[in-house]
Amino acid sequence: MPTVHDWINNPLAVVDGLFAQSNSSPDWEKKVVEYFKEKLKLNDAHTWVPSLNDVPLYYLKPNSLVKFRCMVQDMFDPEFFMGVYETNDLTSNSKVKCGKYKDITVGGQVDFNSRNTVTSERQTFYCVPIPGESQWAKEISFIWSTSQARVVPSTSYVPNRHKRSYEEDYEMDTQPQEMKYSSAESHGNTEPKRQETEAPSHDSSSVHCTSSLDLNFPLPGEKGPACLVKVYEDWDSFKLNDMLEVFGILSVDPALSVIADEREASSLLDHTEVTETVEEQRVHSPPASLVPRLHMLYAQPLVHNNPLLPSSAPEIFILSFSNFIVLGELASVRAELHTYLTHVLMGDSLAAEYLILHLISNVYSRRDVLPLGKFTLNLSGCPHSSPYTEHLYKVIQQLVPSSYWLCMCLHNMNNQRMVPWKDYTANRLVSGTLQLANNTSLFLDETQLEQGQLDATGVRNITALGNLISWQKVDYDFNYHQMEFPCNINVLIASEGRSLLPSDSQVHLRPTLNPPNLEEYLSAVQVAQVPSQFNKYRIYLSVARALNYTISDEITTAVEDDFVEMRKDDPQSMSAEDLHRLLVVARLLSLSHGQNTLSRDGWMKAKQLEALRISRTQQQKSVSGNEP
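Residues numbered from 1 in each chain as written. Predicted model: local features only at pLDDT ≥ 70, side-chain atom pairs only at ≥ 80, totals over all residues. Heavy atoms only, no water.

Looking at an unreviewed UniProt entry, one finds the chain named Mini-chromosome maintenance complex-binding protein, with Sinocyclocheilus anshuiensis as its source organism. Listed in UniProt under the heading Sequence similarities (unreviewed entry), the comment for the chain reads: "Belongs to the MCMBP family." Regarding the chain, the relevant UniProt record gives this comment under Subcellular location (unreviewed entry): "Nucleus". (UniProt positions renumbered as here; feature names shortened; annotations may be inferred.)

Here it is as structure tokens:
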């Protein structure tokens, strides 16, 4: 069997070894998965595995074990491949070999008439980097990954190939497509699956090539590798938009680049007839230099993508570099964060309170169609004439692992593709702005919305945003019908007056500070926070979001009695909707202080907080006169 580190450098040797020992027993496949699971658990061995997110593809050894932190953007149709095949070498000796976790056969000519051939099935996921992942999260993940995973440039490639621009690579890949496809069809062989072996470098040519190919990233301006993940077991357990850390075998074999004749085509394990259109082939078989293939051995679902937080037991302990912080310290971190956000909000401590509650909100359950736990915040009173909202977003971007700033100007509303839709010609799901991973912070800047006419696209986009806020769902467009996809997105709306979109709570900004230069002031506030302090805030927000929460029977009875008492004199003063909002605020307020149950003091504080907010909102209505 392979030595300690060979299971990373040469995982196929492990697979082939277990297959050879199996004597046709079906248990060998489970043994392969268990082998790698155990290896990855041992002494944090998962940190030794190079990451596609952090290491350029040309530094990685083909057929080595790599990992990829990603979101499932699309799911292609299942494909058939030769799970077991027989080859004949030059001496006419036949040998049965394993085709799992591979794209290319090795060891001689494949005997397609062999009785030992076993046709298997696998699923293909099109995976992209987590949309809107913050730069700090990428940098910390990169530091942790490269500190453990020692990678050197692969020697499998010819050095001169690196000197050629990727525009040339892409042109060479795409120009002879018609010839390749017609050749494959005439010989009855499979479509070409791979095009190149090098990875795109982080330069302008790479970006140009990527945009030409259309890697179908949900958010504009996104960078990073996309990947075709081949899934062999339990693919029904994965869902669209899931965040995953995939551990698999990297496949960028040069033999996949060009299929010139029947002999080369026969080396492909996927030996099916070509039935796809040219558009579908282009989408499903992109150049491997831009979209590598990853044969999944194991995938860890990600509840969050905060690299500062362990993947298990966040309510018990959290890891910040070498320090452990227990739940009791959350309250002190909260006080520091509240002070920081108060300065950012120009002295408005009430708005800072509600911003904290918003940042830790989370859809923890669904009752029929009602998502429980969401807390969309409308921060009104934001100035239109200054870039304040952009600076506010940058502050939030520094605190959360994933976020996106959506400028609600008329042009964006009428032209931006927000809802994903099914392209039946290419047989793919075309992504949209609202195809986001769970726990992403969506910042809607309504201060940029000018007067004008919304066209049909604009109306659909506004409707989609309203459904996202109210029901935490996005209805994907499948032309003849719509398919509902639940989500868990934190939406913050910045507006001058009350937002035209629905919200769970509106807080009108009331600054107590009036700095002469707002940009310099906000920059100074951020610079005053050292990186270690930011890491405390980031950990605090993720942990507070992950805590469990309960209400005792005693407190439930007290709340019910209090509700009846509040309605006694004026039934209109407290509706069922008001009570629900108050309970949400009480829950978030308790969690923000590190308390996983509601106390009488916590209930009273929530009532006081809501009373202050409502009083301010009513005062603003009377001042402006035209507030809805």
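Having seen the structure, we can now continue with the description.
This part is about the overall build of the chain. Of regular secondary structure, the chain possesses 19 helices and 21 strands. Within the chain, the proportion of its 628 residues that are buried is 55%. Partitioning the intrachain contacts of the chain with sequence separation of at least 6 by distance along the chain shows that 78% fall at a separation of at least 24. (Helix = DSSP H or I, 4+ residues; strand = E, 2+ residues; numbered from the N terminus. Buried < 20%, exposed > 50% of the residue type's maximum accessible area, 1.4 Å probe, protein only. Contact = heavy atoms within 4.5 Å.)

Let us now look at a nonpolar patch on the surface. Together, V369, L370 and W471 make up a nonpolar patch on the protein surface, roughly 280 Å² of accessible area in all. Residue placement: W471 occurs in helix 14 (residues 456–471). Take W471: its relative accessible area is 37%, and that puts it in the partly exposed class. (Patch = residues over 30% accessible without salt bridge, like charges linked within 9 Å, V, L, I, M, F, W, Y side chains within 5 Å. Areas by Shrake-Rupley, 256 points an atom, 1.4 Å probe, with all protein chains shown as cover. Salt bridge = Lys/Arg side-chain N within 4 Å of Asp/Glu carboxyl O.)

On to the nonpolar core, then. Residues L337, Y340, L341, L345, Y354, L379 and L399 are the most contacted members of the largest nonpolar core, which totals 67 residues. Residues from two domains meet in this core; each of domain 1 (11–149 + 218–267 + 276–301) and domain 2 (357–528) gives at least three. Among the nonpolar cores identified, the runner-up in size contains 50 residues, and L57, L240, A288 and F478 belong to it. (Core = buried A, V, L, I, M, F, W, Y, C linked by side-chain atoms within 4.5 Å. Domains from an automatic or database assignment.)

Here we take up the pairing of strand 20 (residues 490–494). Of all five residues that make up strand 20, five are buried, and the element is covered over most of its length. Burial of the side chains of strand 20 extends over both faces: N490, L492 and A494 are buried on one face and V491 and I493 on the other. As paired strands, strand 13 (residues 377–380) and strand 20 are joined by three bridges and run parallel to one another. Note on strand 20: the bridge partner recorded for L379 is A494. Note: strand 17 (residues 441–445) against strand 20, five bridges, orientation parallel. Of the residues in strand 20, the one forming a bridge with D445 is A494. (Pairing = 2+ DSSP bridges.)

Summarising burial for strand 14 (residues 403–407): four of the five residues are buried, a large majority. When strand 14 meets strand 17, the two strands line up parallel, connected through five bridges. For S403, the partnering residue across the bridge sits in strand 17 and is S441.

Moving on: helix 10 (residues 330–344). The terminal C-alpha atoms of helix 10, which comprises 15 residues, lie 21 Å apart, in line with the 21 Å expected from a rise of 1.5 Å per residue. When helix 10 is considered as a whole, its buried residues turn out to be L330, V333, R334, L337, H338, Y340, L341, T342 and V344. Backbone geometry just downstream of helix 10 places M346 in the positive-phi region, at approximately 55°. (Expected span 1.5 Å × (residues − 1).)

In a regular helix each residue adds 1.5 Å, so 16 residues correspond to 22 Å; helix 14 covers 22 Å between its end C-alpha atoms and thus fits that length. What helix 14 keeps buried is the set G458, N461, I462, A464, L465, G466, L468 and I469. On its buried face, helix 14 sits against strand 14, helix 13 (410–415), strand 17, strand 18 (473–477) and strand 20. Measuring from the backbone nitrogen of T457 back to the side-chain oxygen at the start of helix 14 gives 3.1 Å, which picks out D455 as the cap. Q472 sits one or two residues past helix 14 and shows a positive phi near 50°. (Polar contact = N/O pair within 3.5 Å; in protein donor to acceptor, adjacent residues only side chain to side chain.)

Next up on the list: the pattern of salt bridges. Evaluation of the coordinates by the stated rule reveals 20 salt bridges. Notably, a salt bridge pairs R616 with D348, separated by 2.6 Å at the nearest N-O pair. Separated by 268 residues along the polypeptide, R616 in helix 19 (residues 600–624) and D348 in the loop between helix 10 and helix 11 (349–359) bring together distant segments of the chain. Just as R616 is buried, D348 falls in that class too. With a shortest N-O distance of 2.7 Å, D504 and K374 are connected by a salt bridge. With a gap of 130 residues between them, D504 in the loop between strand 20 and strand 21 (505–508) and K374 in the loop between strand 12 (370–372) and strand 13 connect regions that are remote in the sequence. Take D504 and K374: they sit in the same class, and that class is buried. Salt bridges here are not isolated pairs; linked through shared partners, they connect E79, D103, R122 and K230.

With respect to the helices and strands, T389 occurs in helix 12 (residues 388–397). Owing to a relative accessible area of 1%, T389 belongs among the buried residues under this scheme. Sequence-distant contacts of T389, defined by excluding residues within four places in its chain, comprise C382, F443, D445, T447, Q448 and A494.

The strand order across the open sheet formed by five strands is 14-17-20-13-21, and the pairing between neighbours is parallel. This sheet does not close on itself; its edge strands, each paired only once, are strand 14 and strand 21. Each strand of the sheet is rotated relative to its neighbour by a mean of 20°, with strand direction disregarded. Packed onto the sheet, helix 14 meets strand 14, strand 17 and strand 20 and runs at close to 135° relative to strand 17. (Axes fitted to C-alpha atoms, helices over the stretch in contact; angles between N-to-C directions.)

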